[in-house]
2 protein chains.
Amino acid sequence: MNVRMDEPIMRRSLHDELVERLQRLIIEGALTPGEKVPEKELCERFNVSRTPMREALKVLANAGLVTLTPNRGASVTAVTVEDLEEVFPVMGALEALSGELACEKITDTEIAAVRALHHEMLGHYRAQRLPDYFKTNEAIHTAILNAARNDTLSSQHQMLSARVRRARYLANMTRERWDKAVAEHEDILAALEARDGPRLGKILKRHLRNKLETVSEWLKANG
Amino acid sequence: MNVRMDEPIMRRSLHDELVERLQRLIIEGALTPGEKVPEKELCERFNVSRTPMREALKVLANAGLVTLTPNRGASVTAVTVEDLEEVFPVMGALEALSGELACEKITDTEIAAVRALHHEMLGHYRAQRLPDYFKTNEAIHTAILNAARNDTLSSQHQMLSARVRRARYLANMTRERWDKAVAEHEDILAALEARDGPRLGKILKRHLRNKLETVSEWLKANG
DNA sequence: TTACTTAATTTTGCATTCAAAATTATGTCA
DNA sequence: TGACATAATTTTGAATGCAAAATTAAGTAA
């Protein structure tokens, strides 16, 4: 009568592993926002005791992914339109900075890698493979962020990104918006190749603002 | 029935209390950077068990204030010049954003409050009361941040601010730098009163860059 | 029924306990 | 003495236990 574990946990500390797994569950929508998440249930699911689980929840609460109410436990933080309108400007500022720094520090090899990703993404776009498109899209933004050579920036960005990624993932783009996003990505690549930091910064900021519109429209429609 | 009148007795969790207290200890320099901090010692100092203490340490590690090495415990994160050069650009981007948003949303009353703080600060400057000057200075920046009406922005900024506040607090300014900082604050107030967001953003960014120079010079000298 | 108590159950916050890893101390032999 | 191996101690990671708070269930009177 073995409790079936999703996968054995042995690598790092349980705590770290749990943070990562819970984050995935939340982003992928396996845990619905607003839903109460009893510790016991989570512990049974991952076959760990409450101690490391509670540590993980504290960290996630700090990152804004879950909400901890004293003596009343954890719930997945619901992302509202208001939240998005708070988070996106901050992400915009961070992305703009990442663009500026990246242009200063990126190597030719890295630019080539981004270019390759860009064309891969175009392929997914033409074939209308949305999930693949998303994946490659994220890879491009991550590559730019990494090129900025600033771990503080990366981690701050990632933290915010996690909060909205679920909504971003679920929100379907209209054909029109998709076209626009791809066009913007052409500009992004061009600015990067020209190493024009301020321009890349501005484009990234605008790109994100368009994403916000997509997501918040979806959120208004689908709660 | 007024909800605000019968505000319940604040029953804070030990965990939250510890996060705050440890943060103070670190910022005020009671715990020296690099120093190993055995859990047991901390627990005895605050008279709590290891469970809430460990939870607090995890959160602080997440915020970058302490470093957790697996099976080897916690140590206060040492702030290096490289760290500062990573953190300050990010803070700069956030402060610039706070300036822009604040100009859009700040009320006349709040501007008056900032003005009052500004003149209070000038008094401390003229009397060369550095600690009071610092305190008022921080209050001004906090007021601007609050005026931006963006909790995400505030908390991200605070997190980074905590990481460098210790160094910032200890670093003594030369007379020249101090003069310059005060001059910049005149510009800050002027831009705020003119509600010129982009200008305020730029000034705040430059102001922070100057602070970085002060702090990193001190850090190079005093490790 | 419905509103209101009050008892039973569950869930959380924290302390304690136990095992594994790391650190320090001790002993041996060249 | 010093280099190395091994035992004792300390410290960390995680599980369990226990009391307080909250939630749910049950009962009682209008």
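Residues numbered from 1 in each chain as written. Chains lettered and ligands numbered in written order. Predicted model: local features only at pLDDT ≥ 70, side-chain atom pairs only at ≥ 80, totals over all residues.

(A) Structural detail: the pairing of strand 3 (residues 73-76) of chain B. All names here are of chain B. Residues Ala74 and Val76 line the buried face of strand 3, whereas the alternating positions Gly73 and Ser75 sit on a face that is not buried. As judged from the 2 bridges shared by strand 1 (residues 36-37) and strand 3, these two strands associate in the antiparallel manner. Among the inter-strand pairings, Lys36 is bridged to a residue of strand 3, identified as Ser75. Looking at chain direction, strand 2 (residues 66-69) and strand 3 are connected through 4 bridges and run antiparallel. Each residue of the ladder has a partner; that of Thr69, found in strand 3, is Gly73. Joining the antiparallel neighbours strand 2 and strand 3 is a turn of 3 residues, in which Asn71 adopts a positive phi near 65 degrees. (Buried ≥ 20, exposed ≤ 12 C-beta atoms within 10 Å, placed from the backbone. Helix = DSSP H or I, 4+ residues; strand = E, 2+ residues; numbered from the N terminus. Pairing = 2+ DSSP bridges.)

(B) Molecular detail of unusual backbone geometry. Not every positive phi belongs to a glycine, and Asn71 of chain A is a case in point at roughly 60 degrees. Asn71 of chain A gets classed as exposed once you count the C-beta atoms within 10 Å, which come to 7.

(C) Spotlight on the protein's contact with DNA strand D. Around DNA strand D sit 19 residues in total, of which Leu14, Ser49 and Thr51 of chain A together with Glu39 and Gly73 of chain B are the nearest. Only helix 1 (14-27) and helix 3 (50-62) of chain A together with helix 2 (39-46) and helix 3 (50-62) of chain B provide two or more residues apiece to the surface near DNA strand D. Among the elements that make up the surface near DNA strand D, the one with the highest residue count is helix 3 of chain A (3 residues). Per-class residue counts for the surface near DNA strand D are 5 nonpolar, 8 polar and 6 charged. (Near = placed C-beta within 6 Å. Nonpolar A, V, L, I, M, F, W, Y, C, P; charged D, E, K, R; others polar.)

(D) Representation of helix 3 of chain A. Its 13 residues place the ends of helix 3 of chain A 18 Å apart at the C-alpha level, agreeing with the 18 Å of an ideal helix rising 1.5 Å per residue. Turning to helix 3 of chain A, the residues buried within the fold contact helix 1, helix 2 (39-46), strand 2 (66-69) and strand 3 (73-76) of chain A together with helix 1 (14-27) and helix 3 of chain B. (Expected span 1.5 Å × (residues − 1). Contact = placed C-beta atoms within 7 Å.)

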